[in-house]
Amino acid sequence: MSGKDHASKYGPATRLVEAGRRKQWTSAPGQKGGVVNPPVWRGSTHLYEDTADLAKGRPNADGHFYYGRRGGPTQWALADALTGLEPGADGTELFPSGVAAIACTLMAILQPGDELLFSDNSYEPTRGIALGMLERFGITARAFDPLDPKALAAMISDQTKAIMLESPGSLTMEVCDIPALTDIARDRGVISIVDNTWASALGFPALERGCDISIMSLTKHVGGHSDLMMGCASAAAPLIDRIRQHSQYMGQVVSPDDAALALRGLRTMGIRLERTTASAITIASWLEARPEVSAVLCPMLPGAPGFGLWERDFTGGCGLFSFIFRDADKQSRARFIDALDLFGIGYSWGGYESLAIPVDPGRVRDFRAWPGSIDTGCGLGVRLAIGLEDADDLMNDLIRGFAAMEI
Ligand SMILES: *Cc1c(COP(=O)(O)O)cnc(C)c1O
């Protein structure tokens, strides 16, 4: 059964187990039975039966041996599994990183003279691609306020080809009204792309909520163990075919070893996300009551900015959120972070281990600096990625951090 069939037949937990384990990928020719996981098929050259077979060629779709750059069974199994997680998708393209997925998808759908509108809370490299790279190809890009659908409607012009969304924003965590924004886009013939890394397809069925293309950094929740980099784009036909063609023009390919690691990560993604979501809510509500904290930016927290939309549109969350100090300077914030034992200091998130980094998200914006009318305190914050540790241990670690601030 294909991933697409799974999407309509099974619940998400079952799909995570069944995903990508088609018999043709888990059994060896001439053998009865098979193995549980699709094995790692290493290969650049794919062999043909004879010259007539070579001359016949192969359909340009997953599942057909052609040449290593079009992947092999391990990559096809992963792509199929991801398609099965995203109701409404006809296919998934894999990329060597999340950023590659964003860049290549934008290159696939935009051409000279087009305009891209990107939400002002976009991940920094997305902003860089939009403003730095696309311009060289005669494509203009402007930021829009993701919390103001009317403003988006007013900005769309005849040149606007696509909008790029991210929800929640990966630093400021504001949730935007994706069904409203994508309705506006669709009415004007504009393609909606979402960076769905935060919730993953499990927590936000992006195509069902009106998006045309859903992009994820698989480096985060799907990999889940901080040991691989990968990205993907899922969409219905014909958009997915266009993305596929451009991915091939640009030589995008992932290794079968990484695809096997991503498949392994996928199996436990559901329970990992349940656990990190629950711990994040516990820790976020505890932080909210701390005197050192002026605001917790966590849409999963009742009463926090974005909670209403999150509750309405999302089916899950994850361990990533930010908070703002009431009173801190850069030195005391650094002491806070440096005093943490259990939180590593590093980019990325979605691994089994907790991480903390300083955030000053107001600086990268064109529109409002902070979501809603919240008490932004001193404006200096920390982004936490909550891992699988005991929440009590993590809170004790944060208490150590507060004590080290000495303010
Ligand atoms: C990390 C991240 C990406 C990029 O993914 P890489 O795999 O690191 O290239 C894209 N979007 C968001 C929201 C991210 O957090």
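Here the residue index of a chain counts from 1 through its sequence in written order. Owing to the predicted nature of the model, reporting of local features is limited to residues with pLDDT of at least 70; listing and counting of side-chain atom pairs is limited to 80 or more, with chain, interface and lining totals taken over all residues. Side-chain metrics rest on all non-hydrogen atoms present in the structure, leaving aside hydrogens and water.

As annotated in an unreviewed UniProt entry, the protein chain is Cystathionine beta-lyase from Aurantiacibacter marinus. We quote the UniProt Catalytic activity (unreviewed entry) comment for the protein chain here in full: "L,L-cystathionine + H2O = L-homocysteine + pyruvate + NH4(+)". Listed in UniProt under the heading Cofactor (unreviewed entry), the comment for the protein chain reads: "pyridoxal 5'-phosphate". UniProt positions are given in the numbering used here, feature names are shortened, and annotations may be inferred rather than shown by experiment.

Engineer: Mind laying out helix α14 (residues 330–338), listing which residues take part and the relevant values?
Structural biologist: Residue exposure (1.4 Å probe, protein chains only): buried if accessible area is under 20% of the type maximum, exposed if over 50%, otherwise partly exposed. Secondary structure elements follow DSSP: runs of H or I of four or more residues count as helices, runs of E of two or more count as strands, with numbering from the N terminus. Three or more residues of α14 are buried, namely Ser332, Arg333, Phe336 and Ile337. Along α14, the residues classed as buried sweep out an arc of 140° about the axis, all on the same side. Counted as exposed and oriented over 90 degrees from the buried face of α14: Gln331 and Asp338. Here the arc refers to the set of directions running from the helix axis out to each C-beta atom.

Engineer: Tell me what's going on with the packing of aromatic side chains, and back it up with residues and numbers.
Structural biologist: Only centres within 6.5 Å qualify two rings of Phe, Tyr or Trp (six-membered ring in Trp) as a pair; their planes then separate them into stacked at under 30 degrees, edge-to-face at over 60, and tilted for everything else. Tallied over the full model, the rule gives twelve aromatic pairs. Where phenylalanine 323 meets phenylalanine 336, the ring centres are 5.9 Å apart and the plane angle is 75°; that geometry is what we call edge-to-face. In this pair, phenylalanine 323 sits in strand β9 (residues 320–325) while phenylalanine 336 sits in helix α14, placing the two residues 13 residues apart along the sequence. Taking the relative accessible area as the measure of exposure, phenylalanine 323 reaches 0% and is therefore buried.

Engineer: Which residues make up the UniProt feature "modified residue: N6-(pyridoxal phosphate)lysine" (unreviewed entry) in the protein chain, and what values go with them?
Structural biologist: UniProt records the feature "modified residue: N6-(pyridoxal phosphate)lysine" (unreviewed entry) for Lys220 in the present numbering. Mapping lysine 220 onto the fold places it in the loop between β6 (213–217) and β7 (231–235). The contact rule is simple, with two residues in contact once any of their heavy atoms fall within 4.5 Å. Excluding anything up to four places from it in sequence, lysine 220 contacts Thr197, Ser348, Trp349 and Gly350.

Engineer: Hey, could you go over the domain arrangement of the protein chain for me, with residue numbers and the actual values?
Structural biologist: The domain limits used here are those given by an automatic or database domain assignment. Once the domains are mapped, the protein chain shows domain 1 (3–265) and domain 2 (269–404). Listed per partner, the contact involves 40 residues of domain 1 and 38 residues of domain 2. Reported buried area values correspond to the accessible surface (1.4 Å probe) lost by two parts on association, with both partners' losses combined. Across the domain 1/domain 2 interface, buried area totals approximately 3,400 Å², and carbon plus sulfur atoms make up 61% of it. A salt bridge links arginine 312 to aspartate 177; its shortest N-O distance comes to 2.7 Å. Elements with a minimum of two residues in the side of domain 1 that touches domain 2: α7 (124–133), β3 (140–144), α9 (178–187) and α10 (200–203). A total of three residues in the side of domain 1 that touches domain 2 trace back to one element, the largest contributor, which is α10. Between Lys or Arg on one side and Asp or Glu on the other, a salt bridge is scored when a side-chain nitrogen of the former is within 4 Å of a carboxyl oxygen of the latter.

Engineer: How would you sum up the pairing of strand β2 (residues 115–119)? Please name residues and give values.
Structural biologist: The side chains of a regular strand alternate, first on one face of the sheet and then on the other. Of all five residues in β2, five are buried, a share of seventy percent or more. With burial as the criterion, each face of β2 is covered, one bearing Glu115, Leu117 and Ser119 and the other bearing Leu116 and Phe118. Here β2 runs beside β3; their pairing, made up of five bridges, is parallel. The residue of β3 that forms the bridge with serine 119 is phenylalanine 144. Note on handedness: a crossover is taken as right-handed if, strands pointing away from the viewer, the path from the first strand over the helix to the second is clockwise. Taking the sense of rotation as the criterion, the β-α-β connection linking β2, α7 and β3 turns out right-handed. Here a strand pair is declared whenever DSSP counts at least two bridges between the two strands.

Engineer: Tell me about the sheet that holds β6, and please be specific about residues and values.
Structural biologist: Taking strand neighbours across the sheet as the criterion, the seven strands line up as β1-β7-β6-β5-β4-β2-β3 in an open arrangement whose pairing is mixed. This sheet does not close on itself; its edge strands, each paired only once, are β1 (91–95) and β3. Each adjacent strand pair in this sheet contributes to an overall mean axis angle of 20°, direction not counted. In terms of strand pairing, β1 meets β7 through five bridges, oriented antiparallel. Note that in β7 the partner of glycine 91 across the bridge is alanine 235. Lines are fitted to the C-alpha atoms to define the axes, a helix being fitted only along its stretch in contact, and any angle between axes, read from their N-to-C directions, falls within 0 to 180 degrees. Sheet strands touched by α7: β2, β3 and β4 (160–166). Its angle to β2, the strand with the most contacts, is close to 160°.

Engineer: How would you summarise the packing of α14 against helix α15 (residues 391–405) if you had to cite specific residues and measurements?
Structural biologist: Closest axis-to-axis distance for the α14/α15 pair is 7 Å, and the angle between their directions is 145°. Like other packed secondary-structure pairs, α14 and α15 cross with a definite hand, here right-handed. Contacts from Ser332, Arg335 and Phe336 of α14 reach α15 at Leu398, Gly401, Phe402, Ala404 and Met405. In the contact of α14 with α15, the residues fall into five nonpolar, two polar and one charged. By convention, the crossing between two helices is left-handed when the near helix turns anticlockwise from the far helix through less than a right angle, and right-handed when the turn is clockwise. In this classification, the charged set is Asp, Glu, Lys and Arg, the nonpolar set is Ala, Val, Leu, Ile, Met, Phe, Trp, Tyr, Cys and Pro, and all remaining amino acids, among them Gly, are polar.

Engineer: Could you give an account of the nonpolar core, naming the residues involved and the relevant values?
Structural biologist: Trp198, Leu266, Leu287, Phe321, Phe323, Phe336 and Leu384 are the most contacted members of the largest nonpolar core, which totals 88 residues. When residues of this core are assigned to their parent elements, the largest contribution, ten residues, is made by helix α12 (residues 256–288). Those residues in contact with leucine 287, other than ones at most four positions away along the chain, are Val293, Val296, Phe321, Phe323, Leu384, Leu398 and Phe402. Core analysis: the second largest hydrophobic core is formed by 30 residues, Phe118, Ala143, Met164 and Ala233 among them. Put simply, buried Ala, Val, Leu, Ile, Met, Phe, Trp, Tyr and Cys residues joined by side-chain atoms within 4.5 Å make one nonpolar core.

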